[in-house]
Amino acid sequence: MWSKNKIKEYLKENTSENRYIHILGVVETSQSLADRYGADRDKAALAAYIHDAAKHLPGDKLIKLIEDKGFKLTSEDKAMPQLLHGPAGAIIAEELMGIKDREVLDAARYHTTGKENMNLLEKIVYIADLIEPSRDYPGVKHLRELALKDIDKALLQAFDNTIKHIIDRGLLIHSDTIKSRNYIIVNKK
C-alpha cells in the first residue's frame, strides 16, 4: 500500500488546489468525527484522502474505468456520471494505491450517494465531505453542530438538504440516496 505521503503527492498532482484543500479538510473532519464516535481514526483519514481521488476525471472516463473493472452501471448511474467519482476513486485506491481494506474503500465509494445501512465509517466520511471547514453554504453551520451531537440525525438532515437542493434544480435523485434516507427513518430508535 502506498504511504500517506505518496497518496498526498498523487492528489496534489491530480486535483486542483481547491480540491486538495477540500480533501485535507475532509481528512481533518473525519478524524475528529472518528474520535467523537469511537471509529478508527486512521481508517477515517485514509478513506477521506481517497474519497475524491477520481474527482478530476470526466464522466465518460469514470464510466469506462468502472465498467472496465467489471462493474455494471445502471442507466441512472450513467445519467449522473459526476456521482461515479466515489466508486471510481475506490477503484483507483485499490488498483493503483494498493489499499485493500474494504471498509475504507466502501466509505470512499458511497460518499456521493450514501447507501442503505451505512456503517459508522461510511457515515463519517459522507458527513465530513459536507461539513469540512472550507464548505460554505446555507445550513452548513447547523449540520456541523448536529454532526457533533448525533451522526444519524446529521445524516438524515444531510440527505434531506441534498434531496431538496436536487429537486429545486430539477435534477435526477439517485435511488441510493433515497434508500439511504428511508433506511434511517425506518430504523430510527
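All of these numbers come straight from a predicted model, not from anything done at the bench.

Draft legend 1. Geometry of the overall build of the chain. Each helix and strand counted, the chain has 11 helices and zero strands in total. The order of helices and strands in the chain, counted from the N terminus, is α-α-α-α-α-α-α-α-α-α-α. Its C-alpha atoms give the chain a radius of gyration of 16 Å, near enough to 16 Å, the size a compact globule of 189 residues would have. Taking the principal axes of the C-alpha coordinates as reference, the chain spans close to 40 × 40 × 30 Å. Across the 189 residues of the chain, 47% fall into the buried class. Sequence separation of 24 or more characterises 62% of the internal contacts of the chain that already satisfy a separation of 6 or more. Taken as a whole, the chain presents about 9,900 Å² of accessible surface, with 50% of it coming from carbon and sulfur. If you average the places of the 30 positive and of the 29 negative side-chain charges in the chain, the two averages end up 1 Å apart.

Draft legend 2. The packing of aromatic side chains, seen in detail. For the coordinates displayed, the defined rule picks out two aromatic pairs. Taking the centre distance of 5.0 Å and the plane angle of 50° together, the rings of Y126 and F159 count as tilted. Here Y126, found in helix 8 (residues 120-131), pairs with F159, found in helix 10 (residues 151-168); they are 33 residues apart in sequence, far enough to count as distant. Classification of F159 as buried rests on a relative accessible area of 0%. Sitting over the face of the ring of Y110, K115 holds its NZ or CZ atom 5.5 Å from the ring centroid.

Draft legend 3. Local environment of the packing of helix 2 (residues 17-37) against helix 3 (residues 41-50). Remark: helix 2 packs on helix 3, axes separated minimally by 8 Å, with the N-to-C direction vectors making an angle of 155°. The pairing of helix 2 with helix 3 is recorded here as roughly antiparallel in orientation. In terms of crossing hand, the pair formed by helix 2 and helix 3 is right-handed. Contacts between helix 2 and helix 3 involve I23, L24, V26, V27, S30, Q31, A34 and D35 from the former and R41, A44, A45, A48 and Y49 from the latter. A breakdown of the residues in the contact of helix 2 with helix 3 according to their chemical character gives nine nonpolar, two polar and two charged.

Draft legend 4. Broad picture of the side chain of T15. Looking at the element boundaries, T15 is found in the loop between helix 1 (4-14) and helix 2. Only 2.5 Å separates the side chain of T15 from the backbone oxygen of L11, close enough to count as a polar contact. Apart from the residues within four sequence positions on either side, T15 is in contact with Y20, I23 and D52.

Draft legend 5. A look at helix 10. For helix 10, which comprises 18 residues, the first-to-last C-alpha distance of 25 Å matches the rise-based estimate of 26 Å (1.5 Å per residue) to within 8%. Turning to helix 10, its buried residues number three or more, namely I151, A154, L155, L156, A158, F159, D160, I163 and I166. Contacts made by the buried residues of helix 10 are with helix 2, helix 8, helix 9 (140-149) and helix 11 (175-186). The distance from a side-chain oxygen at the start of helix 10 to the backbone nitrogen of D152 is 3.0 Å, and the residue carrying that oxygen is D150. Looking one or two residues beyond helix 10, the residue adopting positive phi is G170, at roughly 70°.

Draft legend 6. Inspection of the packing of helix 8 against helix 9 at higher detail. It is at 10 Å that the axes of helix 8 and helix 9 come closest, and there the two elements cross at 145°. With respect to the hand of their crossing, helix 8 and helix 9 are arranged in left-handed fashion. Between helix 8, through I127, L130 and I131, and helix 9, the contact on the second element is made entirely by V140, L143, R144 and A147. For the contact of helix 8 with helix 9, the residue count by class is six nonpolar, no polar and one charged.

What counts, and at which threshold
- Residues numbered from 1 in each chain as written.
- Predicted model: local features only at pLDDT ≥ 70, side-chain atom pairs only at ≥ 80, totals over all residues.
- Heavy atoms only, no water.
- Helix = DSSP H or I, 4+ residues; strand = E, 2+ residues; numbered from the N terminus.
- Rg over C-alpha atoms; globule rule 2.2 N^0.38 Å.
- Buried < 20%, exposed > 50% of the residue type's maximum accessible area, 1.4 Å probe, protein only.
- Contact = heavy atoms within 4.5 Å.
- Areas by Shrake-Rupley, 256 points an atom, 1.4 Å probe, with all protein chains shown as cover.
- Lys, Arg positive; Asp, Glu negative; His and termini not counted.
- Charge placed at Lys NZ, Arg CZ, Asp CG, Glu CD.
- Phe/Tyr/Trp six-rings, centres within 6.5 Å; stacked < 30°, edge-to-face > 60°.
- Lys NZ or Arg CZ within 6 Å of the ring centre and 35° of its normal.
- Axes fitted to C-alpha atoms, helices over the stretch in contact; angles between N-to-C directions.
- Parallel < 35°, antiparallel > 145°, perpendicular 65-115°, else oblique.
- Left-handed = near helix turned anticlockwise from the far one by under 90°.
- Nonpolar A, V, L, I, M, F, W, Y, C, P; charged D, E, K, R; others polar.
- Polar contact = N/O pair within 3.5 Å; in protein donor to acceptor, adjacent residues only side chain to side chain.
- Expected span 1.5 Å × (residues − 1).

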